[in-house]
Amino acid sequence: MDKTIYVSKNENDSNAFLSISDAINSIPKDNRTPVTILVAPGIYREKVTIDRSFLCIEGTGESNKDTVITYDDYANFIMEDGMKRGTFRSYTAFIDAHDVTLKNLTIENASGDSVTHGQAIALYADGDRLVIDSCNITGHQDTLFTAPLPPKEAVKDGFIGPKQFAPRTHGRQYYKDCYICGDVDFIFGGATAYFENCTIESLRRFSEDKIQGYVTAASTPEEEEFGYVFSECRIISGECPQGSVYLGRPWRNYAKTIFINCDLGTHIRSELFHDWNKQDARETIFYGIYSDDVNEDFSKRADFVRKLDKEQALAFSKENVLAGKDGWQP
């Protein structure tokens, strides 16, 4: 039988936990029964680890802005041992389980601008069959990390954090009707992730750089067929100058990122993607673009970016991308 747990900021509600973390920790770690945590409107300042499977956490407000999980850790903070906190300890919410759904929530890293604070993850999502539905995921640099980490660090202790030495387990993630914002590499990682009907907003950095940011930085494992697919998404910016943002660059050399029938704002550069000055990556990355609009002009795209035809685009349907060996259809 499915179970429902309640969370509320109202201390007089004896049937509810006061924090999301306490509600999660009340569930057995080996849980195999679907559990829903209903979270009342409010601002929950806590660093949340979601390490139970078959779990749905849902905000009960009229809007996803009504239920906010917020924290403000950031990479440049100096820890007691003299080391920087680093990217992968900066998260607000950390999913470390399979079969997890988040719905109608805002997940925020409130640390501030990336020039001062560096990387600051709002959602660290590590698991298979994850569904993020109607959520706001907000931050600046490295807002959303879709694990797994790459196999090796580029610099010593570059991956310091909860999964630094863990096996790299590839997962599938589905983002539906979400709002995600940031500036540099603010959607990054190695998962197979499908973004449907999402609004992706680039924020302007507090710098005079000509290039204001990169939407994605995929690190798709070489053996995986699919990386990131954006379908029917709105790629917007209210702040960035025209032609100042790239759709993506390869964190690792086999990055795969596709945009299908997405509305691209004028802030996106005509080259679309950047190679991160990795000449060798041009031979292994798969960056693609498709539009049903025959008048859409992608003629100035970088020479390593593929303009897909309709048949090629069909291969990147949600059903194909997320099915895997178990036929998952969220």
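Everything here concerns the structure above.
This report concerns the structure included in the present document. Predicted, not measured: the structure shown is a model, and the values here were computed from it. (Residues numbered from 1 in each chain as written. Predicted model: local features only at pLDDT ≥ 70, side-chain atom pairs only at ≥ 80, totals over all residues. Heavy atoms only, no water.)

**With respect to the nonpolar core**
Inference 1: Counting residues in each nonpolar core, the largest one holds 63 residues, and the members touching the most others are Ile-37, Ile-57, Leu-102, Leu-123, Tyr-175, Ile-187 and Phe-195.
Inference 2: Those residues within four positions of Tyr-175 in sequence are excluded, and the remaining contacts are Ala-125, Ile-132, Ile-137, Leu-144, Thr-146, Ala-193, Tyr-194, Phe-195, Glu-196 and Cys-198.
Inference 3: Judged by nonpolar contacts, the second largest core, of 15 residues, contains Val-229, Phe-286, Leu-308 and Leu-322. (Core = buried A, V, L, I, M, F, W, Y, C linked by side-chain atoms within 4.5 Å. Buried < 20%, exposed > 50% of the residue type's maximum accessible area, 1.4 Å probe, protein only. Contact = heavy atoms within 4.5 Å.)

**Structural notes on the sheet that holds strand E6 (residues 67-71)**
Inference 1: Read across the sheet, eight strands follow the order E3-E6-E9-E12-E15-E18-E21-E24 without closing on themselves; strand pairing throughout is parallel. Only two strands of the sheet have a single neighbouring strand rather than two, namely strand E3 (42-45) and strand E24 (263-264).
Inference 2: Inspection of the sheet shows strand E12 (residues 136-138) paired to strand E15 (residues 179-182) by two bridges, in the parallel sense. Paired with Asn-136 across the strands is Tyr-179, a residue of E15. (Pairing = 2+ DSSP bridges. Helix = DSSP H or I, 4+ residues; strand = E, 2+ residues; numbered from the N terminus.)

**Section: the pattern of salt bridges**
Inference 1: For the structure shown, the criterion picks out 20 salt bridges.
Inference 2: Between Asp-128 and Arg-172 there is a salt bridge, with its nearest N and O atoms 2.8 Å apart. Linking Asp-128 in the loop between strand E10 (123-126) and strand E11 (130-133) with Arg-172 in strand E14 (residues 172-176), this pair joins segments that are 44 residues apart in sequence.
Inference 3: Assessed through its relative accessible area of 12%, Asp-128 is described here as buried.
Inference 4: Through salt bridges with shared partners, a single network forms among Asp-99, Asp-128, Arg-129, Arg-172 and Asp-326. (Salt bridge = Lys/Arg side-chain N within 4 Å of Asp/Glu carboxyl O.)

**Regarding the environment of Phe-226**
Inference 1: One can find Phe-226 in the loop between strand E19 (213-218) and strand E20 (228-231).
Inference 2: On the basis of relative accessible area, Phe-226 is assigned to the buried category, the value being 9%.
Inference 3: Along the sequence, Phe-226 and Ala-191 sit 35 residues apart, while their C-alpha atoms lie 8.5 Å from each other.
Inference 4: Ignoring any residue separated from it by four or fewer positions in sequence, one finds Phe-226 in contact with His-170, Thr-192, Thr-220, Lys-256, Ala-315, Phe-316, Asn-320 and Val-321.

**Regarding the packing of aromatic side chains**
Inference 1: Within the structure shown, the criterion is met by 25 aromatic pairs.
Inference 2: With centroids separated by 5.8 Å and ring planes inclined at 85°, the aromatic side chains of Phe-88 and Phe-159 adopt a geometry described as edge-to-face. Of this pair, Phe-88 sits in the loop between E6 and strand E7 (93-96) while Phe-159 sits in the loop between strand E13 (144-146) and E14, and the two are 71 residues apart along the sequence. The two residues Phe-88 and Phe-159 agree in class, both being buried.
Inference 3: Ring plane angle 40° and centroid distance 6.1 Å describe the contact between Phe-88 and Phe-188, whose orientation is recorded as tilted. With Phe-88 in the loop between E6 and E7 and Phe-188 in strand E16 (residues 184-189), this pair connects stretches of sequence that are 100 residues apart. Assigned by exposure class, Phe-88 and Phe-188 land together as buried. (Phe/Tyr/Trp six-rings, centres within 6.5 Å; stacked < 30°, edge-to-face > 60°.)

**Observations concerning the pairing of strand E8 (residues 100-103)**
Inference 1: Judged by which residues are buried, E8 turns out to be one-sided: Val-100 and Leu-102 face inward and are buried, whereas Thr-101 and Lys-103, on the alternate face, are not.
Inference 2: With four bridges connecting them, strand E5 (residues 55-59) and E8 associate as parallel partners. Paired with Leu-55 across the bridge in E8 is Val-100.
Inference 3: By the bridge criterion, three bridges tie E8 to E11 in an arrangement that is parallel. Directly across from Leu-102, in E11, lies its bridge partner Ile-132.

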